[in-house]
Amino acid sequence: MDPTTIAGVIFGFLLIGWAILSGGSWKIFIDYPAMAITIGGMLCATMIHFSLPQFVGIFSVIKKTIVTKIPSQSELIQLMVNYAAINKRDGALALEQEIPKANDAFLGRALQMLVDGQNGDSIRDIMSMEIQYLQDRHSTGKKILEFMGSAAPAFGMIGTLIGLVQMLRNMTSPESIGAGMAVALITTFYGAMSANLIFIPLAGKLGLYSKAEVTAKEMIVEGICAVSEGESPTIVREKMQVFVSQSRRKEVKANV
Amino acid sequence: MDPTTIAGVIFGFLLIGWAILSGGSWKIFIDYPAMAITIGGMLCATMIHFSLPQFVGIFSVIKKTIVTKIPSQSELIQLMVNYAAINKRDGALALEQEIPKANDAFLGRALQMLVDGQNGDSIRDIMSMEIQYLQDRHSTGKKILEFMGSAAPAFGMIGTLIGLVQMLRNMTSPESIGAGMAVALITTFYGAMSANLIFIPLAGKLGLYSKAEVTAKEMIVEGICAVSEGESPTIVREKMQVFVSQSRRKEVKANV
Amino acid sequence: MDPTTIAGVIFGFLLIGWAILSGGSWKIFIDYPAMAITIGGMLCATMIHFSLPQFVGIFSVIKKTIVTKIPSQSELIQLMVNYAAINKRDGALALEQEIPKANDAFLGRALQMLVDGQNGDSIRDIMSMEIQYLQDRHSTGKKILEFMGSAAPAFGMIGTLIGLVQMLRNMTSPESIGAGMAVALITTFYGAMSANLIFIPLAGKLGLYSKAEVTAKEMIVEGICAVSEGESPTIVREKMQVFVSQSRRKEVKANV
Amino acid sequence: MDPTTIAGVIFGFLLIGWAILSGGSWKIFIDYPAMAITIGGMLCATMIHFSLPQFVGIFSVIKKTIVTKIPSQSELIQLMVNYAAINKRDGALALEQEIPKANDAFLGRALQMLVDGQNGDSIRDIMSMEIQYLQDRHSTGKKILEFMGSAAPAFGMIGTLIGLVQMLRNMTSPESIGAGMAVALITTFYGAMSANLIFIPLAGKLGLYSKAEVTAKEMIVEGICAVSEGESPTIVREKMQVFVSQSRRKEVKANV
Amino acid sequence: MDPTTIAGVIFGFLLIGWAILSGGSWKIFIDYPAMAITIGGMLCATMIHFSLPQFVGIFSVIKKTIVTKIPSQSELIQLMVNYAAINKRDGALALEQEIPKANDAFLGRALQMLVDGQNGDSIRDIMSMEIQYLQDRHSTGKKILEFMGSAAPAFGMIGTLIGLVQMLRNMTSPESIGAGMAVALITTFYGAMSANLIFIPLAGKLGLYSKAEVTAKEMIVEGICAVSEGESPTIVREKMQVFVSQSRRKEVKANV
């Protein structure tokens, strides 16, 4: 779990709260109808754009940006090296007892195929299709957050237009202009803040997680294929190290 | 039929209606000339951009985003497994009686080619070209909606410019500024609302439907080809399951 | 000739004219210096961007969006089927008398190569290069119109900036602000209107025409190649039908 | 040399000058600090973005958009036909005397390789890499101009923000607002004008020149390779004519 | 080290400082809460978007745009020519003493593989993957700077919205409008300036450095592979010269 997502959101709201309080009362920035039109309008547009399961899954997508656990690369390498050693010593069948220990359905399935005696190419083919699916699902989540990040300012502007038209129509005294304009601008403020502090950066984070998770899955595929070809633990470790960036290779070696 | 399209549009308009009513009369937001220039201008630009059949087809495109029925993946798999069983038991000719039962011209045509004894590769070639056409048609529909989503705010702005110039020219008293400005802004409001609540999300929904429909067609091609190669029902089911995302595979298996 | 281009432009201007007249006199919207700076500035930028022959060819590009005649797909298929019949009955040389009847230089050239006894592959190679050229020319025309569609609003804004600076500098009485501002906004109005009602939709239409014309040329190449390989009229018709969308295939068959 | 670049710039400035003069004095549009901040800020950002040699080369890039001479296609074809005739009559070595006459280092190098007896494939390989370099250099020049076209309006806006803050802070009488605002807007005017009348169209022109120059180089490679394979002058001319657009082929033939 | 990065930043700030001072006091442009909300908000969004190690690495990324040293192409060629001479004279093993002299881990690793007797293809495979990693790391750095360049103006606008709402709400006298507006605009000014003078150009510079560094690494791979195939120094020099642009080839030859 990467603490930056939550820390960034909290610090961002504290910062804006402080900026508001240092300039006056926070009460003028709380406007429930403005929230309803900005957030509600954005949710309606998102509902039209996406299907029901995708719309319902927004919260799990947002949760994913906070709690995703990317497996450590050095642990993955160590795991594969162990598998290679077991395979060399006792044969592929001895790996069957490792399947229940795998804390990842993807790794479990790859191991099962290895134990079943499938060759490297067919393991790679099938697992690559699974990785493809993973990327598709992640990219849908990213698209939802990006759409919310573009719809929120749009509905903020729509709310401001509604407020401006009402203010301008019912304008009785020049003094009332200021207050009416302030209320109208609140929706633009909500739209800009939710997009720039929440939806757009969360979409970016999801993209990073997706890349890291896909790399981990690719490491598993590469490792299992090497084991299935009967490579020695040393070769398996060497083959998997190309996934690790040079600056972190020493650290990985120290652990291995 | 996915209820989110209609629900989102209805909720969106209710929300904006509530926001308007909570701030005053709704009458100032109904302005027929403003509607004419925003929607009419957008339709004229769309007419120039697209051909007559495409322009006339806008309504069927919009209808498509509401009533499209994506075939269930598990039903498709079950169907192909049945075909494989019939093919194994009674030969390809026995599948002829299944053609009239196919509720999809695409499936019917693929079955016909199977019965006619064409081999897998030529079925795949011809049906892939059909899928290509489907994608082209869908992408034209999406482009029309996206163009409308960008033209509506543009004509909203043109309407506002007309209103502003007239107001500024005929400005006699400062009091009249407000009312004139309010009228001028209505077109911008119409443009932003129709684009963000209707055209842009509908274009996105059409894209999703297109992807789902293409996947269903690809499943049919994959299944029919497997049947034409004389695969057993078990193999056909396994081959088609790669199209199903992992989280829904159990559900599919349960149904199959 | 597709009537939508002209109809859209006429309806669009009628609509904007009606909107202007319903709000006051049309005279305040006619400002020759404003036209000069918006349209003239856009033409200067276009002249810098493109070469002299391209710049001079703008009018023929615009004309093309109005009068382009896309050959009917069913006529093309019928033509190729006839050629196949002649070829089968009297040999390729008998097609020589068809060359002068071809109302299209591209078709004429392809027929000539067929009569000269060139084989299918070399016909395809050379005619594909011609199609490539056609696409290049079309794409240049589209780029010119798109550039004009982005330059017109930019020079509209430049004109408004000039007007604003002059008005603000020479501001003597608050009453004069309105009139000065109205004049300044006229250039923005011209820029937005010409871009959104003319240049941007025309660029889109040119793209559609280009695609349709390229498809027609590809049908010719496919048909001539099938004839050159001595295919029977039935096979030629079947081969060409893959270019026709499913919904229109019956209509084509009826004609054929 | 294409006169459109210079003509467009001159006409554009004359037009804007006329628009300014028709509305009052030109003096209010000359503001040296505003020029310094718009042009200077843009140059500083360009300096940070690009390397020193690239930054210093801006003027040669701009000069290139004015004085580039694209070799005529018919002259190139004639040249290659002559080479083919010499090669046929006297052998490749006789082409050595043509090398000093080549007014283009690229053509000279290709001829040298031909005289040295290298075969067509290796000439094509090496000369293609040279073409690749040419495209890279051109694309850097285009990127610099495009960056300047986006940085100029940005620094125009920064200058306007500085002017607005100063005016609003020191606002003593409502009368002074107009003059202060006018001065503040001048930087936006400079930014919009330099970007839309100079940098953006020049970047486009550079792209066109790059394409034309690359086509000329590809014609040379194609021609020299055909000569190196001992093709007759007639075949060389036919092979090179595919580069010429159909409408200009007659003109080329007339010249050849 | 390229001096343009630092020179551009310094000149840019001097220019803006001069523009501010020429118009009045600089004090009104120093507003700590405005800095906090623009820079702080941007940092919070960046923290949410990227992972902790990436966020912490921002300073090293920025440092990289200032102090990166791109190896001279002529030195690289000379080095490879020397290696080729040693290899020809004393065999690959004699190159072992060159490894500690290599001032670049990448070059050292390539040399080690050469000494270990690996063939050209496997050196190329492994070193290409290292180059791939280098590009990935660089592209992440570029993405961070680009995100900061888009987040800074967004938070500048959010700060301005907060200031506007507060000013409009608490508006007591028309005189106070100016000062409140000036304060509100400061955040927009900070956002625009930091993005256009720092983040966007630095992202561009990083892209240029990345390209130059990758080219240098590719030259090393090409050279080492040529040496490993036992090519003579002359051939090695010729093979590497294709990386040098034509205009600088003479200079390189002079040095070599």
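For the structure, see preceding data.
How each quantity is defined
Residues numbered from 1 in each chain as written. Chains lettered and ligands numbered in written order. Predicted model: local features only at pLDDT ≥ 70, side-chain atom pairs only at ≥ 80, totals over all residues. Heavy atoms only, no water. Least-squares fit on C-alpha atoms with pLDDT ≥ 70 in both. Helix = DSSP H or I, 4+ residues; strand = E, 2+ residues; numbered from the N terminus. Expected span 1.5 Å × (residues − 1). Buried < 20%, exposed > 50% of the residue type's maximum accessible area, 1.4 Å probe, protein only. Salt bridge = Lys/Arg side-chain N within 4 Å of Asp/Glu carboxyl O. Contact = heavy atoms within 4.5 Å. Buried area = accessible area lost by both parts, 1.4 Å probe. Polar contact = N/O pair within 3.5 Å; in protein donor to acceptor, adjacent residues only side chain to side chain. Phe/Tyr/Trp six-rings, centres within 6.5 Å; stacked < 30°, edge-to-face > 60°.

1. A word on the relation of the copies chain E and chain A
Mapping between the two copies of the chain is achieved by a rotation about an axis and a shift along the axis. Rotating chain E by 72 degrees about the axis while translating it 0.0 Å along that axis superimposes it on chain A, leaving an RMSD of 0.1 Å. The superposition of one copy onto the other is thereby described by a five-fold rotation axis.

2. Description of helix 2 (residues 32–49) of chain C
For helix 2 of chain C, built from 18 residues, the straight-helix expectation of 26 Å at 1.5 Å per residue is met to within 8% by its first-to-last C-alpha distance of 25 Å. When helix 2 of chain C is considered as a whole, its buried residues turn out to be A34, I37, T38, G40, G41, M42, C44, A45, T46, M47, I48 and H49 of chain C.

3. Things to note about the pattern of salt bridges
When the charged atoms of two side chains with opposite charge come close together, those side chains can pair. Residues and elements named next belong to chain D. Applying the stated rule across the entire model yields 40 salt bridges over all chains. Residue E130 is joined to R109 by a salt bridge in which the shortest nitrogen-to-oxygen separation is 2.3 Å. Of this pair, E130 sits in helix 7 (residues 120–169) while R109 sits in helix 6 (residues 105–115); the two residues are 21 residues apart in sequence, bridging distant segments of the chain. Under the relative-accessibility criterion, E130 is labelled buried at 9%.

4. Description of the arrangement of the chains
A gap remains between chain A and chain D, which never touch, and the nearest two C-alpha atoms on either side lie 16 Å apart. Chain B makes no contact with chain E; the smallest distance between any of their C-alpha atoms is 16 Å.

5. Describing the interface of chain E and chain A
Listed as interface residues are 33 residues of chain E and, on the opposing side, 44 residues of chain A. Here chain E meets chain A over a buried area of about 3400 Å², counting both sides, of which 73% is carbon and sulfur. Inspection of the chain E/chain A interface yields 1 salt bridge. Its salt-bridge partner being K211 of chain A, residue D136 of chain E comes within 3.8 Å of it at the nearest N-O pair. Where chain E packs against chain A, one counts 6 residue pairs in polar contact (both at pLDDT 80 or more). Breaking the side of chain E that touches chain A down by element, the ones donating at least two residues are helix 2 (32–49), helix 3 (52–56) and helix 7 (120–169) of chain E. At 17 residues, helix 7 of chain E tops the list of elements feeding residues into the side of chain E that touches chain A.

6. As for the packing of aromatic side chains
Residue and element names in this part refer to chain A. Taken as a whole, this structure holds 15 aromatic pairs over all chains when the rule is applied. Arranged with centres 6.1 Å apart and planes meeting at 75 degrees, the rings of F50 and F147 form a pair that is edge-to-face. Within this pair, whereas F50 is found in the loop between helix 2 (32–49) and helix 3 (52–56), its partner F147 is found in helix 7 (residues 120–169), the two being separated by 97 residues in sequence. You can call F50 buried: its relative accessible area is 2%. Among the aromatic residues, those joined into a ring-pair cluster are F29, F189 and Y190.

Interpretation in functional terms is not warranted from these geometric data alone.
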